[in-house]
Amino acid sequence: MMNQERLFKLAADALARGQTDEAFDYLTQILGEDSDSAEAHALLSMALIRKKRIYAAGIEAKRALELEPESFFPHIAVASIEIATRNFSSAEKHLHVALSIDPDSAFAREKLARLYFIWDKKKEAKEQITIACELDPDDLDCMTTKSRFLYAEGDNKNAELIVREALETNPEHLDSLVLLGEILLANGDIESAKENAIWALQLDPNDESALQLLVSIKARQSFLLGLWWRFQTFISSGSRTRAIVLLIGMFLLYRASTIVLEENKLSEWTSFVSAIWIAFCIYTWVAPSIFRRKLMNELKQVELKTSF
Amino acid sequence: MSSKYLIADEPRPSTLGQHVVNPQWPMLAQMLAGTWLALPWFVFNSFAIGSPNRNKDIGLAIASVAGSIALLYALDYLIATNTISGIWIPLSFLTIVALRLYIAYLLFFSQSTVFELWQYYGGVEKNGMIFLILGSFLGRPFLSSQITNDFLRLILF
């Protein structure tokens, strides 16, 4: 049992640092020994959400709630799933249940604040993050979320002050690193923003927000790659069905235009449209691998820097 | 006694592991070689990778074929009754292309997630490019020359 508690603590710490793969290892070890640990299922669910493995996260959260419906963590886990699947009312309900179990939890308040923020209930979001920061003024997640709200309002100066304060406490806090990078980029300090993005990727090479930050930096630095990533963001920002419909829509538009042009005996235009389509296909094929290679090179260079 | 805890979406152990390819290859096979190669390849890959979605993948492959047949009958009826004519005939056949691509994308996304996990757990993929080239530049022309039934050709390619 002692071992399990130790592993759980290690998993929670790893997750807080943004090192999700490490957290997986500890949690699957716990569940390999005791598959009825509700806390481990709940934490695993939250780790899976970070990796966008929503289906598996849902199963873990459900299992946690079945095992301990009166516990704090399973409700947080289910709420996280509901947020990820945009069932905001249900998420709110579960977060309120969690807060009725532990009313002084800054963690649950911070989650509730983030829920209200993405739900576009900015006033409620501000109220909740203020309470969360009062409950635990040293909590890095609360500080980062508060900073993010300020940044979203355009108050970059205060947002930067708070996030730097969070990083002074823990220079490896992933969300703070990324947020500071975003603020620096918005202020035009591209080099410092890039350092932050790479540092964050050193901690978790798959972190989506850190990758997104690096993409935004790349988009500023290289026109062609920037064009690709803007296109990529446009395609992937939304549901998978939307992405499929957009991709097939483009192909059908190309095919329909060539049929219409051929039917109207405009064969030279057909060749022109086909050439553009092929160039587009090659570009979308080649651009991501160039970007990935550049990214890997940059990550390797940073590995050698002792200052990190 | 502890055992390895398996998360619901993780690949199950499979004896066909050495034949796993990146699902981009069957996806490209749908575009370049045709349904005859892409769908069996997707289904085989699903088993080889030990995908927990393999029943869903089989269902999607069947839906692709059944949907194409249904659309072909519907279009045949619409053409025979002169409901569609002229340029609308080739344009209407794009619905079959759209359906096939849609299902191929669903299969691709379904397998991509499992494939990434499979790689994460040390799986080494086989290069699918040679198989794709053989299927597109040898398999497709050969099959095309052997099959004279237009209906069957529309289903297979």
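Quick summary incoming for the structure in this document. (Residues numbered from 1 in each chain as written. Chains lettered and ligands numbered in written order. Predicted model: local features only at pLDDT ≥ 70, side-chain atom pairs only at ≥ 80, totals over all residues. Heavy atoms only, no water.)

1. What about the overall build of chain A?
When helices and strands are tallied, chain A shows 16 helices and 0 strands. Here chain A holds 308 residues, and 44% of them are scored as buried. For chain A, contacts bridging at least 24 residues in sequence account for 52% of all contacts bridging at least 6. By element, 56% of the accessible surface of chain A is carried by carbon and sulfur atoms, the whole surface being about 16000 Å². (Helix = DSSP H or I, 4+ residues; strand = E, 2+ residues; numbered from the N terminus. Buried < 20%, exposed > 50% of the residue type's maximum accessible area, 1.4 Å probe, protein only. Contact = heavy atoms within 4.5 Å. Areas by Shrake-Rupley, 256 points an atom, 1.4 Å probe, with all protein chains shown as cover.)

2. Some remarks on the overall build of chain B
Counting secondary structure elements, chain B contains 7 helices and 0 strands. Beginning at the N terminus, the succession of helices and strands in chain B can be written as α-α-α-α-α-α-α. Evaluated residue by residue, chain B yields a buried proportion of 44% over its 157 residues. A separation of at least 24 residues holds for 75% of the contacts in chain B among residues at least 6 apart in sequence. If you sum the accessible surface of chain B, you get close to 8200 Å²; carbon and sulfur atoms cover 67% of it.

3. Remarks on the packing of aromatic side chains
Residues and elements named next belong to chain A. Per the stated rule, a full pass over the model turns up 16 aromatic pairs over all chains. Seen in terms of ring centroids, Phe72 and Phe73 are 5.7 Å apart; in terms of plane orientation they differ by 80 degrees. Their pairing is edge-to-face. Looking at Phe73, the relative accessible area reads 22%, which means it is partly exposed. Judged by centre distance (5.7 Å) and plane angle (90 degrees), the rings of Trp269 and Phe272 are edge-to-face. One end of the pair is Trp269 and the other is Phe272, both in helix H16 (residues 267–304) and 3 residues apart, which spans about a single turn. We classify Phe272 as partly exposed; its relative accessible area is 45%. Seen from the ring of Phe117, Lys122 lies directly overhead, with NZ or CZ sitting 4.8 Å from the centre. (Phe/Tyr/Trp six-rings, centres within 6.5 Å; stacked < 30°, edge-to-face > 60°. Lys NZ or Arg CZ within 6 Å of the ring centre and 35° of its normal.)

4. Brief notes about helix H7 (residues 106–118) of chain A
Residues and elements named next belong to chain A. Compared with the 18 Å implied by 1.5 Å per residue over 13 residues, the 18 Å span of H7 between its first and last C-alpha is a close match. Burial analysis of H7 places 10 of its 13 residues in the buried class, which makes it a mostly covered element. Of the residues making up H7, those classed as buried are Ala106, Ala108, Arg109, Glu110, Lys111, Leu112, Ala113, Leu115, Tyr116 and Phe117. Packed against the buried residues of H7 are helix H5 (72–84), helix H6 (88–101), helix H8 (122–135) and helix H9 (140–152). (Expected span 1.5 Å × (residues − 1).)

5. Remarks on the layout of surface pockets
Any space left empty among the atoms is revealed by the rolling of a water-sized probe across them. Its volume calculated, the second largest pocket comes out at about 200 Å³. Those elements giving two or more residues to the lining of the second largest pocket turn out to be helix H2 (35–48) and helix H6 (129–146) of chain B. (1 Å grid on protein atoms, 1.4 Å probe; cavity = no way out; pocket = protein on both sides within 12 Å on 5 of 7 lines; lining within 4 Å. Points joined across faces, edges and corners; volume = space filled by probe spheres on them.)

6. A closer look at the pattern of salt bridges
Charged atoms that come close allow side chains of opposite charge to pair. Applying the stated criterion across every chain yields a total of 13 salt bridges over all chains. One salt bridge in this structure joins B:Asp9 and A:Arg53, with 2.8 Å as the shortest N-O distance. Residue B:Asp9 is found in the segment before helix H1 (24–32), and its partner A:Arg53 is found in the loop between helix H3 (38–50) and helix H4 (54–67); the two belong to separate chains. Each member of the pair, B:Asp9 as well as A:Arg53, carries the same accessibility label: buried. A salt bridge links A:Asp120 to A:Lys122; the nearest nitrogen and oxygen atoms lie 2.6 Å apart. Accessibility expressed as a relative area gives 57% for A:Asp120, which makes it exposed. Overall, A:Lys122 belongs to the partly exposed group, its relative accessible area being 40%. Several salt bridges share partner residues, and in doing so they unite A:Asp36, A:Arg63 and A:Glu66 into one network. (Salt bridge = Lys/Arg side-chain N within 4 Å of Asp/Glu carboxyl O.)

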